[in-house]
Amino acid sequence: MIKVAVAGAAGRMGQAVCETVEAAEDTELIGRADPALGVELADVLADADVVVDFTTPDTALANAEACLEAGVHVVVGTTGFDLEALRAAAETSSANCFVAPNFAIGAVLLMQVSQAIAPHMPECEIVELHHDRKLDAPSGTAKRTAELIDAAGGNVHQPIHSVRLPGLVAHQEVIFGGEGQTLSLRHDSIDRRSFMPGVLLAVRKVGGLPDRFTVGLEKLL
Ligand SMILES: NC(=O)c1ccc[n+]([C@@H]2O[C@H](COP(=O)([O-])OP(=O)(O)OC[C@H]3O[C@@H](n4cnc5c(N)ncnc54)[C@H](O)[C@@H]3O)[C@@H](O)[C@H]2O)c1
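Since this is a predicted model, take the numbers as computed values, not measurements. (Residues numbered from 1 in each chain as written. Predicted model: local features only at pLDDT ≥ 70, side-chain atom pairs only at ≥ 80, totals over all residues. Heavy atoms only, no water.)

Draft legend 1. Summary view of the overall build of the protein. Of the regular secondary structure elements, the protein holds seven helices and 11 strands. For the protein, the C-alpha radius of gyration of 18 Å lies close to 17 Å, the compact-globule estimate for 221 residues. Residue burial in the protein is summarised as follows: out of 221 residues, 50% are buried. In the protein, the proportion of contacts linking residues at least 24 apart, taken out of those at least 6 apart, comes to 69%. (Helix = DSSP H or I, 4+ residues; strand = E, 2+ residues; numbered from the N terminus. Rg over C-alpha atoms; globule rule 2.2 N^0.38 Å. Buried < 20%, exposed > 50% of the residue type's maximum accessible area, 1.4 Å probe, protein only. Contact = heavy atoms within 4.5 Å.)

What follows is the structure in structure tokens.
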């Protein structure tokens, strides 16, 4: 059994992760850390093999660093903070850190297909749409998609467009434009359950990763 603690356990994602970890046969939920529950991460860290963090951009780095200092593997889903600082912390740790800007397989496939299109139709724009309580903009998924497209020879026009409205969950469109034609890709997470298989995969694999710091669900597939 993998002993899992969840940071941000009272949040929208955290609650879904707790249910998923409780339901899986090979994982055990040993702690729910969240100021809303009156439980600090430090209170649950000692018993955990893996911590899953879905908190806020201003707390995720410190939480992940605390896990790494304690030798506990950490899976980070929180977006909107400096990943290079986390990379530096992970590289001197005895534990592994895995980060995914998006845990939904459909979003990962959209990024991969975008990379394949970029050399042939380089000009493109990204429109990301999320619920109106999301704290960061543009989304971590959109920033990662742009990085990958640019690295594949594409030209992502700036700015990335961020739509925030009630009723949305997490959505993204990449629109490529060429001479007399456009090509649009769209992914919709219509329920937070879309992220859970990816989170569970990361919980299972983080401890055995070859590198201390790994970004992207595609690295686990
Ligand atoms: N990677 C992905 O696939 C993915 C998918 C959805 C959301 N997200 C990201 O996950 C994060 C959380 O999203 P959400 O919608 O669940 O937010 P949320 O606001 O519903 O939940 C955040 C929770 O974190 C708690 N929190 C704050 N400080 C904390 C601390 N120091 N320790 C422990 N808990 C703390 C808050 O009390 C709150 O309950 C956001 O950054 C969001 O962008 C990532």
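Draft legend 2. Representation of the packing of aromatic side chains within the structure. In this structure the tally under the stated criterion is two aromatic pairs. An aromatic cluster of three or more residues is present, and its members are Phe 54, Phe 98 and Phe 103. (Phe/Tyr/Trp six-rings, centres within 6.5 Å; stacked < 30°, edge-to-face > 60°.)

Draft legend 3. Inspection of helix α6 (residues 140-151) at higher detail. Spanning 12 residues, α6 covers 17 Å between terminal C-alpha atoms, matching the ideal 16 Å at 1.5 Å per step. Listed as buried for α6 are Gly 140, Thr 141, Ala 142, Arg 144, Thr 145, Ala 146, Leu 148 and Ile 149. In the segment just after α6, Gly 153 is the residue with positive phi, at about 100°. (Expected span 1.5 Å × (residues − 1).)

Draft legend 4. The pairing of strand β4 (residues 73-76), seen in detail. Taking every second residue as pointing to the same face, both faces of β4 are buried, with His 73 and Val 75 on one and Val 74 and Val 76 on the other. Alignment of strand β3 (residues 50-53) against β4, held across four bridges, turns out to be parallel. Opposite Val 51, over in β4, you have Val 74 as the bridge partner. Read as a crossover between parallel neighbours, the route from β3 over helix α3 (residues 60-69) to β4 is right-handed. Here β4 runs beside strand β5 (residues 97-99); their pairing, made up of three bridges, is parallel. Bridge pairing links Val 75 to Phe 98 in β5. You can see the chain leave β4, run along helix α4 (residues 83-91) and come back into β5, and the turn it takes is right-handed. (Pairing = 2+ DSSP bridges. Right-handed = clockwise from strand over helix to strand, strands pointing away.)

Draft legend 5. Focus on the site of the ligand. Of all residues adjacent to the ligand, which total 22 residues, the nearest are Met 13, Asp 34, Thr 79, Phe 103 and Lys 134. Contact distances for the ligand include 2.6 Å between an oxygen atom and a side-chain N or O atom of Asp 34. Interatomic distance of 3.0 Å between a backbone N/O atom of Gly 77 and a nitrogen atom of the ligand. Here the ligand loses 81% of its free accessible area of 870 Å² to cover by the protein chains. Along the lines of polarity and charge, the residues of the shell around the ligand split into nine nonpolar, nine polar and four charged. (Near = heavy atom within 4 Å. Polar contact = N/O pair within 3.5 Å; in protein donor to acceptor, adjacent residues only side chain to side chain. Areas by Shrake-Rupley, 256 points an atom, 1.4 Å probe, with all protein chains shown as cover. Nonpolar A, V, L, I, M, F, W, Y, C, P; charged D, E, K, R; others polar.)

Draft legend 6. Focus on the pattern of salt bridges. Throughout the structure, instances matching the rule amount to 11 salt bridges. One salt bridge in this structure joins Glu 22 and Arg 32, with 3.2 Å as the shortest N-O distance. Residue Glu 22 is located in helix α1 (residues 12-23), and its partner Arg 32 is located in strand β2 (residues 27-33); the two are separated by 10 residues in the primary sequence. Among the residues examined, Glu 22 registers a relative accessible area of 48% and is labelled partly exposed. The class of Arg 32 is partly exposed, set by a relative accessible area of 36%. (Salt bridge = Lys/Arg side-chain N within 4 Å of Asp/Glu carboxyl O.)

Draft legend 7. Focus on the pairing of strand β1 (residues 2-7). Burial of β1 is extensive: five of the six residues sit out of reach of the surface. Relative to β2, β1 runs parallel, the two sharing six bridges. Within β2, the residue paired with Val 4 across the bridge is Leu 29. Where the polypeptide runs from β1 across α1 and back to β2, its parallel neighbour, the crossover connection is right-handed.

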